[in-house]
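Breakdown of the fold
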Amino acid sequence: MLVSFGYGKTYAQQDLLNTAAAAYDSAQYQHAIEAYEQIAVQYGVNPELFYNLGNAYYKQKNYPKAILNYERCLLYDPSNVDAKENVELARLQCVDKIESIEPMFFVTWGNNVRDSFSCDTWGIFAIIFFLLFIAGCGIYFFSHRTSRRKLGFYGALLSIILCLVSIHYAVAQRDHIQLRDYAIVMTPSVIVRASPADSGTQLFTIHEGLKVRVRSTLSGWSEIELTDGQVGWMPSEGLEVI
């Protein structure tokens, strides 16, 4: 299922959107991909664009590209339930099924809270809570009734705490987006080596569609880490950053 999104109201933009949607509906998925990628180049990207690209690639059975675009959608909109479900469906079509090492529970909990909303949404929450803080201060300083002053004081205190929490997660979400240290393997089969050279000792083999964390790069090689903790080097050209 495609979703609609808005970039503006120019005829050229709407024409491209209509072209992409029509191509997708008529099963011309390559034409839809080309139209959406043209939109990305000319007008910028957003989560809905990545989601639609992921759907088009999935229909083509290009699962690595589908995973890449669903992951990009979730990077900007981690609350997108459809993208979460679709990326898992795409992963089922890939070769590698690697168990993950779960981080400490409080790290997982914090990441889940951060990913509950987008960076922009956390920013909106921060503004709302700050306005409530100002309102609470106004009630506390200008009200003559003790009960209202207490309400204003505790309301302002709670609001400023929630404001700071929202700012924290907005910054965390922004940093998560800017870091871009995860990538998708695009090469059908890759030998991961112990050093950044073709002569390096062979450690293990991975396949297209696998999500890895890029720890560092050196002379056309990337040091990657799998979700089970394995580390090694592979050619950077075989990766596409999320």
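Residues numbered from 1 in each chain as written. Predicted model: local features only at pLDDT ≥ 70, side-chain atom pairs only at ≥ 80, totals over all residues. Heavy atoms only, no water.

1. A closer look at the pairing of strand β4 (residues 211-218)
Rules: Paired strands, in this sense, are two strands between which DSSP finds at least two bridges. Strands here mean DSSP runs of E at least two residues long; helices mean DSSP runs of H or I at least four residues long; both are numbered from the N terminus.
Relative to β4, strand β1 (residues 182-185) runs antiparallel, the two being bridged by 3 bridges. When the sheet's bridge partners are listed, I184 is paired in β4 with K211. With 5 bridges connecting them, β4 and strand β5 (residues 221-225) associate as antiparallel partners. Bridging from a neighbouring strand, T217 pairs with S222 of β5. In this antiparallel pair of consecutive strands, β4 and β5, the connection spans 2 residues, and S219 shows a positive phi of 50 degrees.

2. Looking at the pattern of salt bridges
Filter applied, for reference: In the sections that follow, a salt bridge refers to a side-chain nitrogen of Lys or Arg positioned within 4 Å of a carboxyl oxygen of Asp or Glu. Burial here depends on accessible area, computed with a 1.4 Å probe over protein chains only, as a share of the maximum for the residue type. Under 20% is buried, over 50% is exposed, and the range in between is partly exposed.
In this structure the tally under the stated criterion is 10 salt bridges. Here E240 makes a salt bridge to K65, at a shortest N to O gap of 3.2 Å. With E240 in strand β7 (residues 239-241) and K65 in helix α4 (residues 63-76), the pair connects residues that are 175 residues apart, well separated along the chain. We classify K65 as partly exposed; its relative accessible area is 22%. A salt bridge links D115 to R114; its shortest N-O distance comes to 2.9 Å. Judged by relative accessible area, which is 22%, D115 ranks as partly exposed. The structure contains a network of salt bridges with shared partners spanning E71, E88, R91 and K211.

3. So, the packing of helix α3 (residues 47-59) against α4
Just so we agree on the cut-off: For helices, the fitted line uses only the C-alpha atoms of the stretch in contact; every axis is such a line through C-alpha atoms, and the angle between N-to-C directions lies from 0 to 180 degrees. Roughly parallel covers angles under 35 degrees, roughly antiparallel covers those over 145, roughly perpendicular covers 65 to 115, and oblique covers all other angles. In this scheme, a crossing is called left-handed if the near helix is turned counterclockwise away from the far one by less than a right angle; it is called right-handed if the turn is clockwise. Any two residues whose heavy atoms approach within 4.5 Å at even a single point are treated as in contact. Think of it as three bins: nonpolar holds Ala, Val, Leu, Ile, Met, Phe, Trp, Tyr, Cys and Pro, charged holds Asp, Glu, Lys and Arg, and polar takes everything else, Gly as well.
The contact between α3 and α4 brings their axes to 8 Å, and the two run at 165 degrees. By the angle between their axes, α3 is roughly antiparallel relative to α4. The hand of the α3/α4 crossing is left-handed. When α3 is examined against α4, the residues P47, F50, Y51, L53, G54, N55, Y57 and Y58 are found in contact with a partner set consisting of Y63, K65, A66, N69, Y70, R72, C73 and Y76. Of the residues in the contact of α3 with α4, the class split is 11 nonpolar, 3 polar and 2 charged.

4. Quick notes on the packing of aromatic side chains
When we look at a pair of aromatic rings, we describe it by the centre distance and by the angle of the planes. Note the cut-off: Two rings from Phe, Tyr or Trp (for Trp, the six-membered ring) form a pair when their centres sit within 6.5 Å of each other. Planes less than 30 degrees apart are called stacked, planes more than 60 degrees apart edge-to-face, and all others tilted.
All told, the structure shown has 12 aromatic pairs when counted by the stated rule. Look at F117 and F125: their rings are 5.0 Å apart centre to centre, the planes differ by 85 degrees, and that puts the pair in the edge-to-face class. Judged by centre distance (5.8 Å) and plane angle (50 degrees), the ring pair of Y140 and F153 falls under tilted. Residue Y140 is found in helix α7 (residues 119-142), and its partner F153 is found in helix α8 (residues 146-179); the two are separated by 13 residues along the sequence. Judged by its relative accessible area of 27%, Y140 falls in the partly exposed class.

5. Here we look at unusual backbone geometry
Excluding glycine, most residues fall at negative phi; most peptide bonds, likewise, are trans. The residue A27 is not glycine, and still its phi comes out positive at about 65 degrees. Locating A27 in the fold gives a position in the loop between α1 (11-25) and α2 (29-43). Although it is not a glycine, K61 adopts a positive phi angle of roughly 65 degrees. Along the chain, the position of K61 falls in the loop between α3 and α4.

6. Regarding the environment of P235
For P235, the position within the fold is in strand β6 (residues 231-235). Note: C-alpha distance between P235 and G220 (15 residues apart in sequence) is 6.0 Å. Setting aside anything within four residues of it in sequence, one finds P235 in contact with V190, G220 and W221.

7. As for the pairing of β6
Consecutive residues of a regular strand have side chains that alternate between opposite faces of the sheet. As judged from the 5 bridges shared by β5 and β6, these two strands associate in the antiparallel manner. Within β6, the position partnered with E225 by the bridge is V231. Between β5 and β6, which pair antiparallel one after the other, the connecting turn spans 5 residues, and G229 there sits at a positive phi close to 100 degrees.

8. Some points on the nonpolar core
Under the convention used in this document: The set of buried Ala, Val, Leu, Ile, Met, Phe, Trp, Tyr and Cys residues whose side-chain atoms join them within 4.5 Å is what this entry labels a nonpolar core.
Of all hydrophobic cores here, the largest spans 30 residues; its most connected members are Y36, L53 and I67. Contributions of two or more residues to this core are made by α1, α2, α3, α4 and α5 (81-91). The element that contributes the greatest number of residues to this core is α4, accounting for 7 residues. A183, I206, L210 and L239 belong to the second largest nonpolar core, which has 13 residues in total.

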